Each structure stands twice: as C-alpha cells, then as structure tokens.
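# Architecture at a glance
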Amino acid sequence: MLFANVWYIAEWSENVSDAPVKVKMLGREFVLFRDLDGKAVCLSNTCCHRGASLAQGKRQDDGTLSCVFHGWRFNAGGQCTNIPSQLNPAADIPASAKIDSYPTQEKHGLVWVFLGDQPEKAHPLFDMPEDTDPAWRRVTFSDTWKANVHWAKMVDLDQVHLHIVHGIPLNEDNPSRPSAHSVEWLDNGFRTHLVSRPPPPSGEWAKLRQGRTEVNSHLTFYLPGFTLYGRIQIGTPDTSFTNVFYSMSTPIDEENTKMYLIAFRNFMLEPDKDKDHLQRNLRNVYQDKAIAEAHLPKRAPDIPEWPVINVDREDLLMQTYWQFMRELRGKGWQIDRLALDACERNGEVRVLPSPARQADPAHWVYRPVPFVAAEA
Ligand code: FES
Ligand SMILES: [Fe+2]
C-alpha cells in the first residue's frame, strides 16, 4: 500500500552533492544531485534512451546530468538538452527525450521530494521550530527497516505497547491503559494529547523529575514524510524539560522502509550528553524495529481487519491513521500493486508520474505506474 502525491524524505542534505546518487522510494529508482546553484534535483533514474542508470552518469559543467551510456544530457527539469551523436546535438532532440523530474525542498538538513504529478494538492510540509532555536540540542539517526511503512508507523502510533514493549507505565491504576485522549485533524495530519503519571525517568535524567506527577505527551502524525512528532515532558510542569522527536519514514518499496530520526532536548545541552539522549530514543526504536520487521503480512493490506476492543483508548490513533490512508486511496493516489506487478513481470519500466505530465501527457518513453481508481 504505497501512495504518490506525498512529500517524502529522499536523503540527508549532507549526502547530496554534485555526484549523483541513486535512491529507491515507492518501489521506483530516482537519482539525486545538485545543480550549479546547489539546489537538490531529483529525476527518475532510468534513462529514456536505452534504460541506463542515470546515477552512473556525471554532473556536467553546464549543470546537466549526462547519461553514462551515450552521453545524453538532462537538465533539472528532466528535459534532454544535448544528444552528442546528433549532427546538431543541442537541436535535434525528439519530444519524448525527457525524464520525470520531481519538486524538491530542503529543510532542517533533509532533502524532501514530492513524488507525484499533483503538487497543487499536496499536504504541506510541517516546520521543525526546535531546529532553529538555540534552546534545543539536536541528535540524528537513520536506519533501514525490513518492514513496510505502515507497520513502522503502527509501532510509533500504538499506545498500549509503550508499557508492554518499552516498559513505560501509562497510568497508576492500570499501566497498560492509555489515558483518555481525542484526535484533532490538521491540514496535513492529526494530533492528540495524553496525560499520564509515570515514575521518574531513569539514570541521569532522574534528577529532572522526582516522584509521580502529571506528564504531558503531545503526538502529531504528519503525512509529509509519514512523520510521527512527539513532544514528551521529561521534567515537572514548572521546568518544561522536554524530549522532542520526529520519527520519519520513507517507503523504499512495499516491504522496506528508510527511517530518519531527529530528536531534540531543551536540558543538559552539553554535547557530551548527546549519546545518552540518542540512546534513550534508540532503545525504543530498536524494540519497535524488531516487532515491525517480524510482522505479517509483509505487505500491508489495504483495509486491515483486526479485532477492535477499545476504540477510544487503545486503537484511536491507528483507526485515525487507517482512515487517513483510505482518504488518500479515495483521491486515486494509491499505486495499484497487483497491476504494477503484472507490468513488471511483462518487462515494462513504469515510473512515478511527475508534474510535467499534466501539461504533456503524451510524449514520454515510460508509462506511469497504475493507480487504484479514485472514488467518485
Ligand atoms: S542509455 Fe542514456 S544516453 Fe543512451
Ligand atoms: Fe514504540
């Protein structure tokens, strides 16, 4: 269950340079590089001439990317600008000599790519205010999970597992029962707020909060980057010591996910506290990873059918998440994986359609991936 027309994270900014790199997202291959202005460019990776991998090519002095095989040059918009073997290389260029180019944005050390053809309908990127505020200290981590993106989000959004898996008691009366919470819809996701009374944090963080007191947790799911934002109170209400995390997920394909973590703290700002801060966040991440990677089925069903025992507490966030996915499907943005499997078994290259296909749907060498029909 993969969706186009979403902003996804393609790479950390620091890993994108003049030298092209191949990135797999939504089961497709893309090439990332920087143009002469330093702007990140994302093109479909398969050359429209004979199917070479453009990531094996070279960024030229004119800012174009040249193909490794016959040297065709493509600009940031995906248009072929030069065919060296032609009598007139810069002019004798057929209309279909172009490849899909996808909008990019760079924010907070991440290269974001809009994978789809309808950017005007995009759910907007969220901001990361802690990143530009010196009161916060940042740590980062990334990993590849052998799990589909929805299982990766399920171990983020699920509440009961916080106690069962991570040993974080949710309440004094019943440590496995989430406190009452409700969901508020946003233009790019949904959020909730939970109050609990867990014991103090462990280790060095224990001095931040003694005894049981009310602890606030704010959680937001943002569709861009399939992101779970968490703002977890660590100290007492009067100190505002807080751990913030952004757990972001890019589907590599139906069964694998690239995970990006950025966490912030507004206490113990010394750099030598970074390791402990990251490890506290990663301890939970690794426990979640083990569960998500063993989860069946490997490909998430369109509409999971599971026993629901406690919609208002246990399942509220995941029910909301599945509703969100149903809405994306209704817009016609879900890749039809069975139809796509058949195309690929037939030897076809199918690509994610880019915005340029709206103006010119005809002159393309590769056809777009098939989509589940939009609801009327
Ligand atoms: S395969 Fe790319 S230029 Fe020929
Ligand atoms: Fe978890």
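Residues numbered from 1 in each chain as written. Chains lettered and ligands numbered in written order. Predicted model: local features only at pLDDT ≥ 70, side-chain atom pairs only at ≥ 80, totals over all residues. Heavy atoms only, no water.

### Focus on the nonpolar core
Core analysis: the biggest nonpolar cluster contains 55 residues, and L115, F221, F226, Y321, M325 and L352 have the highest contact counts within it. For this core, the element with the highest residue contribution is helix α4 (residues 316-330), accounting for seven residues. No fewer than three residues from each of domain 1 (6-119) and domain 2 (129-328) sit in this core. With sequence-adjacent residues up to four places away left out, L115 is seen in contact with A4, N5, V6, Y8, M25, L26, F30, Y102 and L352. (Core = buried A, V, L, I, M, F, W, Y, C linked by side-chain atoms within 4.5 Å. Buried < 20%, exposed > 50% of the residue type's maximum accessible area, 1.4 Å probe, protein only. Helix = DSSP H or I, 4+ residues; strand = E, 2+ residues; numbered from the N terminus. Domains from an automatic or database assignment. Contact = heavy atoms within 4.5 Å.)

### Considering the sheet that holds strand β4 (residues 40-44)
Spatially, four strands are ordered β2-β3-β4-β9 in an open sheet, and the strand pairing comes out antiparallel. Looking at strand neighbours, the two that pair on one side only are β2 (21-25) and β9 (101-102), the edges of this open sheet. Pairing of β2 with strand β3 (residues 28-34), which is carried by five bridges, proceeds in the antiparallel orientation. Across the sheet, residue K22 finds its bridge partner in β3, namely V31. (Pairing = 2+ DSSP bridges.)

### Description of the coordination of the iron ion (ligand 2)
Donor atoms from the polypeptide that bind the iron ion (ligand 2) are H161 (NE2), H166 (NE2), D288 (OD) and D288 (OD), placed at 2.1 to 2.3 Å. Seen from the iron ion (ligand 2), its four donor atoms lie at angles of 58 to 141°, and the figure they make is irregular. In primary sequence terms, the donor set of the iron ion (ligand 2) follows H-x4-H-x121-D. In this structure, H161 and H166 share a single accessibility class: buried. (Donors = N, O, S within 2.8 Å, 3.2 Å for Na, K, Ca; no water. Tetrahedral: all angles 85-135°; square planar, octahedral: opposite > 155°, others 65-115°.)

### Some words on the pattern of salt bridges
Tallied over the full model, the rule gives 22 salt bridges. As a salt-bridge pair, D131 and R138 come within 3.0 Å of each other at their nearest N and O atoms. On the basis of relative accessible area, R138 is assigned to the partly exposed category, the value being 27%. Between E204 and K273 there is a salt bridge, and its shortest N-O distance comes to 2.7 Å. Taken as a pair, E204 in the loop between β14 (189-196) and β15 (215-222) and K273 in the loop between β18 (257-265) and α3 (274-294) lie far apart in primary sequence, 69 residues in all. Note on E204: relative accessible area 34%, which makes it partly exposed. Residues participating in the shared-partner salt-bridge network are R137, R265 and D274. (Salt bridge = Lys/Arg side-chain N within 4 Å of Asp/Glu carboxyl O.)

### Brief notes about helix α1 (residues 149-157)
Where burial is concerned, most of α1 is hidden: nine out of the nine residues are buried. Listing the buried residues of α1 in full gives V149, H150, W151, A152, K153, M154, V155, D156 and L157. N-capping of α1 is provided by N148, with a side-chain oxygen placed 2.8 Å from the backbone N of H150. (Polar contact = N/O pair within 3.5 Å; in protein donor to acceptor, adjacent residues only side chain to side chain.)

### What about the domain arrangement of the chain?
For interface size, the figure often reported is the accessible area lost on association. Per the domain assignment, the segments of the chain are domain 1 (6-119) and domain 2 (129-328). Put simply, the middle of domain 1 and the middle of domain 2, counted by C-alpha atoms, are 35 Å apart. Listed per partner, the contact involves 15 residues of domain 1 and 20 residues of domain 2. At the boundary of domain 1 with domain 2, total buried surface from both sides reaches about 1,300 Å², with 66% on carbon and sulfur atoms. By the criterion of area lost to domain 2, the three top residues of domain 1 are I9, W12 and H108, representing 44% of everything that side buries. Inspection of the domain 1/domain 2 interface yields one salt bridge. As a salt-bridge pair, D253 and K24 come within 3.6 Å of each other at their nearest N and O atoms. (Buried area = accessible area lost by both parts, 1.4 Å probe.)

### A word on the sheet that holds strand β1 (residues 6-12)
Read from one edge of the open sheet, three strands run β1-β11-β10, paired in antiparallel fashion. The open sheet has two edge strands with one neighbour each: β1 and β10 (104-107). Averaged over all adjacent pairs, the angle separating strand axes in this sheet is 30°, with direction ignored. (Axes fitted to C-alpha atoms, helices over the stretch in contact; angles between N-to-C directions.)

### Some thoughts on the environment of S13
Of note, S13 is situated in the loop between β1 and β2. The class of S13 is buried, set by a relative accessible area of 14%. Sequence separation between S13 and H108 is 95 residues, and the spatial gap between their C-alpha atoms is 8.5 Å. Here S13 is in contact with R34, E106, G109, L110 and V111, once residues within four sequence places are set aside. Within the structure, the side chain of S13 is placed 3.4 Å from the backbone nitrogen of L110, a separation counted as a polar contact.

### Regarding the packing of aromatic side chains
Following the criterion strictly, the structure yields 22 aromatic pairs and no others. Arranged with centres 5.7 Å apart and planes meeting at 85°, the rings of W112 and F126 form a pair that is edge-to-face. Residue W112 is found in strand β11 (residues 110-115), and its partner F126 is found in the loop between β11 and β12 (137-145); the two are separated by 14 residues along the sequence. The exposure class of W112 is buried, given its relative accessible area of 3%. Residue class for F126 comes out buried when judged on its relative accessible area of 6%. Measuring from centroid to centroid gives 5.2 Å for F221 and Y321, while their planes differ by 80°, and the two rings are edge-to-face. Of this pair, F221 sits in strand β15 while Y321 sits in helix α4, and the two are 100 residues apart along the sequence. Cluster of aromatic residues (ring-pair linked, three or more members): Y8, W151, W185, F190, F221, F226, Y321, W322 and F324. Residue placement shows K98 over the ring face of W364; its charged tip is 4.6 Å from the ring centre. Directly above the ring of W333 sits K331, whose terminal nitrogen or CZ lies 5.3 Å from the centroid. (Phe/Tyr/Trp six-rings, centres within 6.5 Å; stacked < 30°, edge-to-face > 60°. Lys NZ or Arg CZ within 6 Å of the ring centre and 35° of its normal.)

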